[in-house]
Every structure is written in C-alpha cells, then in structure tokens.
Amino acid sequence: VRTTRTQKVLAGAALLTCLLSAEIAARAMEPRLSSAGTWPDGAISDQYDALTGLSRRVDRVDVAFAGSSMTKRAIDANVFASRTHTTAVNAALPGSSNVMLGPWLIHVVVPLLHPKTVVIGIDGRDFNDRTAHNGSYATLVTSPGYLQHTEDDSFLGHLDRAFSERSALIRVRRSLRTPANVVRALTTGPELEADSKCREKVGGNTGNNERFLDRYPKSWLKTYTATSQTRAIVDAIEGLEARGVSVVLLRLPSIYDYVRARPGEDDVEVYEAALERVVDETGVAVIDGRKTIPLGQFRDRLHLTCEGMATFTRLLVGGWEDSDAGAATVALPSTNILDEQP
Amino acid sequence: MTFNSIQYALFAPAVLLLYRRLPFRAQNVMLLIVSYIFYGWWNWIFLGLLMFSTVIDFVVAKRIHDSDDDRVRKRWLVAAISVQIGILAFFKYAGFFAESANAALQRLGLEGNIHVLRILLPVGISFYTFHTISYTFDVYRRRMEPTDNFVDFALFVAFFPQLVAGPIARARMLLPQLARPRRNPSSVQYQSAIALILFGLFKKVALADAVAPVVDTMFAAKTPTLLTTVIGAWGFAVQIYADFSGYTDIARGTSRLFGIELMRNFEQPYLSRNITEFWRTWHISLSTWLRDYLYIPLGGNQGGRFATYRNLFITMLLGGLWHGAALTFIVWGGIHGVLLAAHRAFRPRASLAAMLPEIRWRDAVKIFVTFNVVSLAWIFFRAQSIGEALDVTSGIFRLSSAGATADSMIIVFGALAIVFLTDIAQRNIGALRVVVTMHPLVRAGAYAAMILAILIWSGGTARPFIYFQF
C-alpha cells in the first residue's frame, strides 16, 4: 500500500495536531493537577503543592515553620502572621525526622519562599536514630518530585528542566501517571492554601486513646541513640544560616514523651544532652513550649486539636516577641500539664 | 547504553548515517567496531571474553569442517562446547552451586566451606554463548558451511542490536545476510522499522516501566491477598512481556534500518490456548534453540512417551536454569516442564497445527486459563526466593482487596487490555499489515498516542531491560 504525498502531509499534520492538543489539554489541567505521584506520599505532595501555590503569590515569607506532623498540627501560621504582623507559612513535613529536614528546607522551602527565619519544631522523637521515619529520607531524596525540584545535574536533569519550562505536558506528566489522583484532582481541585483551616479528623479528640500510647514507645523509642539525627539537625541549621536564614528551635508541647511512657529517665538525658550539643555548636535560639497544652487539647497524645493549635499559637506569639528581642532561650507559660497525667 | 536511553537515541542514528556512507565491506568492519563500543560501554573488560568466545568457535568450526573423521569432528565439537559452557558456568553458576553445596553440607551436619566466588556477570553472556554454540553445532551437523571471513563471523556474534538480549540469532539465517551486500531498505521496510522501534519503546517505557512499581509493591505486600496476588502476577506477566518484546522490537527495527532481518521472538504468546502453543510463541529464539540443540539431541519424542516427557522436563528445567542461577528459575522451568509433559500426555496432537490460529470468541476460556497458569508460574520467576513465591501465591486464598489501590488496578488492567488488543490485531490482521494498511490518519493518531504515552512515562532513572541480567 503506497502512501501518497498528500496523505503523508496529512498524517504529519494529524500527528502534530494530536501532540498540540495534548499540550493544550495539559495547560488547561495544570492548575488543577497536584504533584500527586511524584512525592513519596500524599501528605508531602499536598504540602509541596501548598508551598508552590504560595510562592506564586508572595516573593518571600518572614517565618517558615518546619518539623514533623507535630509542628504541622501545633501552629496556625495565619493566626501567627496576623498577630505578629509578619508573613508566615507552616512548611512542616508530615512523617519527617531531623535527617529529612535539611534536604526539605534547604532544597525545597528556601528556594521557593526565601524565608528570613525558619522555626524548627522539635521533639525527642525527631532525635531518635532508630525512628521509623529513617527509610522515608531515602524515599524523599530519590523521589521524582524532589529530583525535579532540586538541581539534578545530570544531562537528563538539565534536559528535563529545559523541556519543563516550555511544556505543560512535560511538567504535569508525572502526575498523569496516577490516574485515580488525576480524576480526584480534576473533580475536587487541589488545596493551594498553605495553611488551610484547621479540621479535626473523623473521630475527633482521641486524647485518651491508650493504644496510641502503648504502640509508640515500643516501636520508636527502643534503644534510643541520638547521633546521626543530632548531626543532621546541626547540618540543617548551618546550611540554612549559610543561606542567610536565621533559625530558631521550638520545643513542642509534650504530654508523655520521656516522662511517662518511657520506663526510666536515661533516654531523656540522652535527648537533652543532644539538644544541648546542638545549641552549643550552632548558638541557635530555643523557645520551650513543652509544658503549654493541657491533655484535653491533644488529639492523640502527640498532635494537638484545633483548640490546642489555637492555644499554642497564641502562646507562641508572646514568646516570639521575647525571642525577637534577642533572648537565647524563651520558655512559654507553663500550665503544668505534666502533672495532669493520670 | 540501553535502548531506552538518550545515549542510544544519539548512538543509533549516528551509526546509521555513517553506515550509509560506506561500501559493503567497510560497513561490516564499522558495524563490528561500533558493536564492540556498544558492548564495552557496560564493561570494556568483558570485551576480551566476547572476542575469546568468537575466536574459539571461528577456529573450531573450521577444524570440524576440514575433518572427515567423525571422532575428530566430535572431539572438536565437545571441546568448543565445553569451553563455552565452562565460561558461562564459571561466571553465571559457580557462586550458586558453591552456595547450594555449602547449604547441603550444612544440612548434613558437615562444615560447608566451599569458597563462594562473587563475580560480575558479563552482560549478554548467555545470549552470545548460545549464538556461537549454534554455529559450531550446525557446522558439525553439516547444516552449513563455516565462514572464512572472521569479520562477518565476529559481527554475527556481536551485532549490537541483538548482542545483549537476543533474539538468539542462528548463523544460518544471519551470516548469509552479513556476507552479501545489502540493499537499502524500501520505504515500507523503513516504515515498519520505525513502527517497530516506536512500538518497542512504547511497550518498554509506557507499559513495562509503568507496571513495574505496582508489581514491586504487590510482591512486597506483607499480607498478600487475592487482589494483590492477581495484580502482582498479571502485572508481572505484562511487565516481562512488554519489556522483553519491547527490547526485541527495538532490536529488530534497528537492525532492519541496516538492511538486516532478525528473527521474530514473540508471536502474541498470551493469546495461546494451551501451554504448548505458549512455548511456540514465547521467546521463540530460545525455545527453538532448546528444541534443536537440547531436546532433539536428548532424543526428542523418538524414545517413547516416557522418554518424551522426561526430555521435555529436562529441557525446560535447563531452560529455567539458563535464565539465572537461582532455585526460583529452576522451579519455574520445572513447572513449565511438567505442564508441557502433561499437555503432551492428554492432548498429543494439540501442538501439530502449523499456523497460529486467528483469535475467536470461542477461544476466550482457553486463553484465559492458559494466561493464568502462565502468570502463576511467573510468580516464581519474579520472586527473590521460593519462600517469597509461596507467600505471594498464598494470597489467592485470602479473599480480600486489601493492599490494592485504584491506581494499581487501573495501571495493570489498562496495560493488560492494551497488550491483548494489540496482540489480537497483530494476530488477526498481521503485524506488518497493521502498520502499512492502516489509513495514514489513523496511523498518525496511533503514533501520537504512543509518543504521548512515552513522554508521560519517561524521565528519571531508566529501568534496565529485565533480560539484560540473563
């Protein structure tokens, strides 16, 4: 079967039309498509989308909060911003520990939002070398989303970025690989607000859930050492400061950690010594918010309820002003919550 | 340098441009040099091994041909095969057998302290070893004359499109093509070559690599369920077929651009109505090699029913072992050996049809059953250990959908549907006819769809072709 010249031209035109149509469709879908499928999990993906959405609206923020889901659930950045007359974002990374914070802050948050100050929420759990989150570090730094966002110096990395700048289809192609997420994003749209309104999880306050209390000490706090995590947070602080970002450590509200759930006080000493080492090495300012929140305002003994978040944010604003005035360590008002434990 | 890499996308057209500008003899020399460069890209140290294998069989085949004494001829054949199999065994199986022997000794209460060698496996060694053995064997059987031209022979062994993962070329088919001047491909050949390369890339990037992470997740499920096992097994069936046939399509398409035809390696294997038909259509270059150089020398079907079953079983067992030094491959080969023997026992005439039949609705049940049996066997091929294979298989008995996501189902079932639909079209219309008889606008649409799918699934670290490890 011979193809005539006209047919060849028509076929070529048809092929180009198909590719152009796909590019137009990708451009139309792009604002509604999240980065689903390119990051290790949905929570990181949502956080990344929120930060990129915010970066389109503001050139830089004054304060970026970082840490794990405990930080995410402890601080309402919008309330904080309005009370301190700053711009603030809660850029915490659910499921993270200290080793993940460096790459996330230095290669994602800082280039996107150029914060003046980064407040890192910390807890003894983040310093545990044996945390269950260690595997997440490798997953994060090898994920397509991270590699695409950071400087992948390979030839393919350059090629990818060059095409990504010009083609929406190339930009969104990783998201298109998860069809169910695409359908979800197109029907509901992504949340582009960095700090969406606080919502309680279904089931509400689970502060008295003993199963939660039983589970974590066994799996996360076993054979506690704090060597690599301490090094990681020192590196993260130094990396941030080298980029002109000032850093504050925020000790997060705590109920049972190292006090009740752990048999013995040895690990508390290991953690406190590690934190002291960090402060000595970096000279970083610390805000101590451990004893601020009553049990009833904890959702699950780690994360706060919306009421707890509001309380803690309000208390933080007061401490923030003291910290801004140059105090090396600021203790937020204590409610002696540790005495409330049954 | 893999077929799905940027390097190859630059390498192949550059070689083709140069090739077109050279006279015939210089073309072969140039192809040999670039084939060695292509091979040396992985590990240049193993180039010496490839050249050594080439020289051995080139010399031995001539000695066999020059002698009229059957004993001398046989001695040379045994010597050549011993050297080739010896090299293969050393690099591929020495560690496995030493480990197995140590484990066996320890079970007997003895101290198993045989030194286990950890050697890097030379890429493509299983394939080029079989190339050279088939040449020497065919010369021994007087089915062909040995070539006097070392460059032609070396190119037959090392021709880059088929060097690392086949098809396992037969000297009788490939050497004559290398020995005579080749005409430039016609426009239809060009079209079909480009279509083959594009379709092969599509299968590798948009089907095999798309399904691979889902399969990895399903095989890693802590508590396999019916759905994770089905998605894992079907997913791997798609992955290995799309991966390997994709590689073969790119190899055949690239080779066709040089005016050289390589043999077909797949004939829509998942449309098989029984296990015998499956092995007539799956990895054809290996299955026919095993038939010609192992099954028939073992006696084939000439020694009675039991001997036939035994020969089938041994052939498939060794076929499994050829894939890799692991118990899982041996069990996979054994399963197929048993299935082939059982099919032969119950349906002795089922494999005699010369032509592969068009697909009809009435074949659906047989195809479904065969596909599922083959998919179950793939679990052993894919698993890292027999324990893992049994664990994954046990999921069949847990009636639950836990562990499977909507995306995993969409990706695997979608890829499976594409595989079946394209295979049915190729079987019922004809592979080449599908391309050249298609209306140009429809063809353009199909090409655009494949290009888009490749774009969407490309990027990041390219997964190597599965058969590169063999």
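Residues numbered from 1 in each chain as written. Chains lettered and ligands numbered in written order. Predicted model: local features only at pLDDT ≥ 70, side-chain atom pairs only at ≥ 80, totals over all residues. Heavy atoms only, no water.

1. Quick look at the overall build of chain A
In terms of regular secondary structure, chain A is built from 14 helices and six strands. The contacts of chain A with a sequence gap of at least 6 include a subset with a gap of at least 24, amounting to 83%. Just so you have it, chain A exposes about 15800 Å², and 55% of that area is on carbon and sulfur atoms. (Helix = DSSP H or I, 4+ residues; strand = E, 2+ residues; numbered from the N terminus. Contact = heavy atoms within 4.5 Å. Areas by Shrake-Rupley, 256 points an atom, 1.4 Å probe, with all protein chains shown as cover.)

2. Structural notes on the overall build of chain B
Looking only at helices and strands, chain B has 19 helices and zero strands in total. Taking 2.2 N^0.38 as the reference for a compact globule, 470 residues should give roughly 23 Å; the C-alpha atoms of chain B span a radius of gyration of 23 Å, in line with that estimate. For chain B, the C-alpha atoms occupy an extent of roughly 70 × 65 × 45 Å along the three principal directions. Considering chain B as a whole, with its 470 residues, one finds that 54% of them fall into the buried category. (Rg over C-alpha atoms; globule rule 2.2 N^0.38 Å. Buried < 20%, exposed > 50% of the residue type's maximum accessible area, 1.4 Å probe, protein only.)

3. Quick look at unusual backbone geometry
In this model, His 114 of chain A sits at a positive phi of 45°, which is unusual for a non-glycine residue. Position of His 114 of chain A among the secondary structure elements: in the loop between helix H5 (98–113) and strand S3 (117–122). Although it is not a glycine, Gln 268 of chain B sits at a positive phi angle of roughly 50°. Secondary-structure assignment places Gln 268 of chain B in the loop between helix H10 (226–257) and helix H11 (275–281).

4. Quick notes on the interface of chain B and chain A
The partner chain A presents 23 residues to the 23 residues of chain B that form the contact. When chain B packs against chain A, close to 1900 Å² is buried across both sides, 73% of that on carbon and sulfur atoms. At the surface where chain B touches chain A, the tally comes to zero salt bridges. Where chain B meets chain A, there are five residue pairs in polar contact (both at pLDDT 80 or more). The element best represented in the side of chain B that touches chain A is helix H19 (residues 440–457) of chain B, accounting for twelve residues. Residues belonging to the side of chain B that touches chain A are distributed by class as follows: 15 nonpolar, six polar and two charged. (Buried area = accessible area lost by both parts, 1.4 Å probe. Salt bridge = Lys/Arg side-chain N within 4 Å of Asp/Glu carboxyl O. Polar contact = N/O pair within 3.5 Å; in protein donor to acceptor, adjacent residues only side chain to side chain. Nonpolar A, V, L, I, M, F, W, Y, C, P; charged D, E, K, R; others polar.)

5. A word on the pattern of salt bridges
Across all of its chains, the model carries 22 salt bridges over all chains by this definition. Two residues, Glu 30 of chain A and Arg 171 of chain A, come together in a salt bridge whose shortest N-O distance is 2.7 Å. One end of the pair, Glu 30 of chain A, is in the loop between helix H1 (5–29) and helix H2 (42–57); the other, Arg 171 of chain A, is in helix H9 (residues 168–172), with 141 residues separating them in the sequence. In this structure, Arg 264 of chain B engages Glu 267 of chain B in a salt bridge whose closest nitrogen and oxygen atoms are separated by 3.1 Å. Residues joined in a network through salt bridges with shared partners are Arg 251, Glu 272, Asp 288 and Arg 290 of chain A.

6. Quick notes on the packing of aromatic side chains
For the structure shown, the criterion picks out 54 aromatic pairs over all chains. Measuring from ring centre to ring centre gives 5.0 Å for Phe 65 of chain A and Phe 80 of chain A, while their planes differ by 90°; the resulting arrangement is edge-to-face. Taken as a pair, Phe 65 of chain A in strand S1 (residues 63–66) and Phe 80 of chain A in helix H4 (residues 77–84) lie far apart in primary sequence, 15 residues in all. The same class applies to Phe 65 of chain A and to Phe 80 of chain A, which are both buried. Centroid distance Phe 90 of chain B to Phe 91 of chain B: 5.2 Å. Interplanar angle 85°. Geometry classified as edge-to-face. Residue Phe 90 of chain B is classed as partly exposed on the basis of its relative accessible area of 42%. Since its relative accessible area comes to 16%, Phe 91 of chain B is described here as buried. (Phe/Tyr/Trp six-rings, centres within 6.5 Å; stacked < 30°, edge-to-face > 60°.)

7. What to know about the pairing of S1 of chain A
All names here are of chain A. Burial along S1 is two-sided: the face carrying Val 63 and Phe 65 and the face carrying Ala 64 and Ala 66 are both buried. Across four bridges, S1 lies against S3 in parallel orientation. The residue of S3 that forms the bridge with Phe 65 is Val 119. (Pairing = 2+ DSSP bridges.)

8. With respect to helix H12 (residues 284–295) of chain B
For H12 of chain B, which comprises twelve residues, the first-to-last C-alpha distance of 14 Å sits more than 12% below the rise-based estimate of 16 Å (1.5 Å per residue). Taken residue by residue, H12 of chain B has Ile 284, Ser 285, Leu 286, Ser 287, Thr 288, Trp 289, Leu 290, Asp 292, Tyr 293, Leu 294 and Tyr 295 of chain B as its buried positions. (Expected span 1.5 Å × (residues − 1).)

9. A few points about the side chain of Arg 382 of chain B
By the secondary structure assignment, Arg 382 of chain B is in helix H15 (residues 364–382). A distance of 2.8 Å separates polar atoms of two side chains, one belonging to Arg 382 of chain B and the other to Asp 216 of chain B.

10. Examining helix H12 (residues 228–242) of chain A
In this model, H12 of chain A (15 residues) spans 21 Å end to end at C-alpha, consistent with the 21 Å of a helix rising 1.5 Å per residue. Within H12 of chain A the residues assigned to the buried category are Gln 229, Thr 230, Ala 232, Ile 233, Val 234, Ala 236, Ile 237, Gly 239 and Leu 240 of chain A.

11. Overview of the nonpolar core
With 138 residues, the main nonpolar core has Leu 31, Phe 156, Tyr 270, Trp 282, Trp 378 and Tyr 467 of chain B as its most contacted residues. For this core, the element with the highest residue contribution is helix H9 (residues 187–219) of chain B, accounting for 15 residues. With residues near it in sequence (within four places) discarded, Tyr 270 of chain B still touches Ala 237, Val 238, Ile 240, Tyr 241, Phe 278, Trp 282, Ile 367, Phe 371, Val 374, Trp 378, Val 419 and Phe 420 of chain B. In terms of nonpolar packing, the next biggest core, distinct from the first, is built from 45 residues, Leu 51, Tyr 224, Ala 226 and Val 234 of chain A among them. (Core = buried A, V, L, I, M, F, W, Y, C linked by side-chain atoms within 4.5 Å.)

12. Focus on the packing of H1 of chain A against H19 of chain B
Two numbers describe how H1 of chain A lies on H19 of chain B: the axes approach to 8 Å, and their chain directions differ by 35°. Between H1 of chain A and H19 of chain B lies a crossing whose hand is right-handed. In contact with Gln 7, Leu 10, Ala 11, Ala 14, Leu 15, Cys 18, Leu 19 and Ala 22 of chain A of H1 of chain A, H19 of chain B contributes Pro 440, Leu 441, Ala 444, Gly 445, Tyr 447, Ala 448, Ile 451 and Leu 452 of chain B. Taken together, the residues of the contact of H1 of chain A with H19 of chain B sort by class into 14 nonpolar, two polar and no charged. (Axes fitted to C-alpha atoms, helices over the stretch in contact; angles between N-to-C directions. Left-handed = near helix turned anticlockwise from the far one by under 90°.)

13. Focus on the sheet that holds strand S4 (residues 246–251) of chain A
All names here are of chain A. Read from one edge to the other, the open sheet built from six strands follows the order S2-S1-S3-S4-S5-S6, with strand pairing classed as parallel. The strands lining the two open edges of the sheet, one partner per strand, are strand S2 (88–90) and strand S6 (329–331). Sheet twist, expressed as the average angle between the axes of neighbouring strands with direction ignored, equals 20°. The pairing of S1 with S2 spans three bridges and is classified as parallel. In the strand pairing of S2, Val 63 is matched with Ala 88.

14. So, the confidence of the model for chain A
Residue and element names in this part refer to chain A. Put simply, chain A has an average pLDDT of 78, and 75% of its residues get 70 or more. Across chain A, element-level confidence peaks in S1 with a mean pLDDT of 94 and bottoms out in helix H11 (residues 210–220) with 52. Low pLDDT (under 50) marks residues 190–195, which in the prediction has 26 contacts with non-local residues, meaning those over four places away or in another chain. Across residues 202–208 the pLDDT falls below 50, and counting only partners more than four positions away or on other chains, this stretch makes 14 contacts in the model. (pLDDT = per-residue confidence, 0-100.)

15. Remarks on the environment of Met 309 of chain A
Relative to the elements of secondary structure, Met 309 of chain A occurs in helix H14 (residues 306–324). The spacing of Met 309 of chain A and Gly 121 of chain A is 188 residues in sequence and 13 Å in space, taken between C-alpha atoms.

16. Details of the confidence of the model for chain B
Residues and elements named next belong to chain B. In the predicted model, chain B carries a mean pLDDT of 87, and 94% of its residues have values of at least 70. Taken element by element, chain B is modelled with least confidence in helix H18 (residues 431–436), mean pLDDT 67, and with most confidence in H15, mean pLDDT 95. Interface predicted TM-score (ipTM) for the complex: 0.75; the corresponding pTM is 0.75.

17. Comments concerning the environment of Arg 57 of chain A
Residues and elements named next belong to chain A. Structurally, Arg 57 is set in helix H2. On the basis of relative accessibility, which here comes to 47%, the residue Arg 57 falls in the partly exposed class. For the pair Arg 57 and Ala 168, spaced 111 residues apart in sequence, the C-alpha to C-alpha distance is 20 Å.

18. Some remarks on the environment of Phe 313 of chain B
Residues and elements named next belong to chain B. Residue placement: Phe 313 occurs in helix H13 (residues 305–323). When its relative accessible area of 31% is taken as the criterion, Phe 313 is described as partly exposed. Sequence separation between Phe 313 and Ala 341 is 28 residues; the distance between their C-alpha atoms is 6.9 Å. For Phe 313, the contacting residues outside a window of four places in its chain are Gly 334, Gly 337 and Val 338.

19. Remarks on the pairing of S3 of chain A
All names here are of chain A. Among the six residues in S3, six count as buried, and that is most of the element. Residues Thr 117, Val 119 and Gly 121 of S3 are buried on one face, and the alternating residues Val 118, Ile 120 and Ile 122, pointing to the opposite face, are buried as well. Bridge analysis of S3 against S4 gives six bridges, and the strand direction is parallel. Bridged to Ile 120 within S4 is Leu 249.

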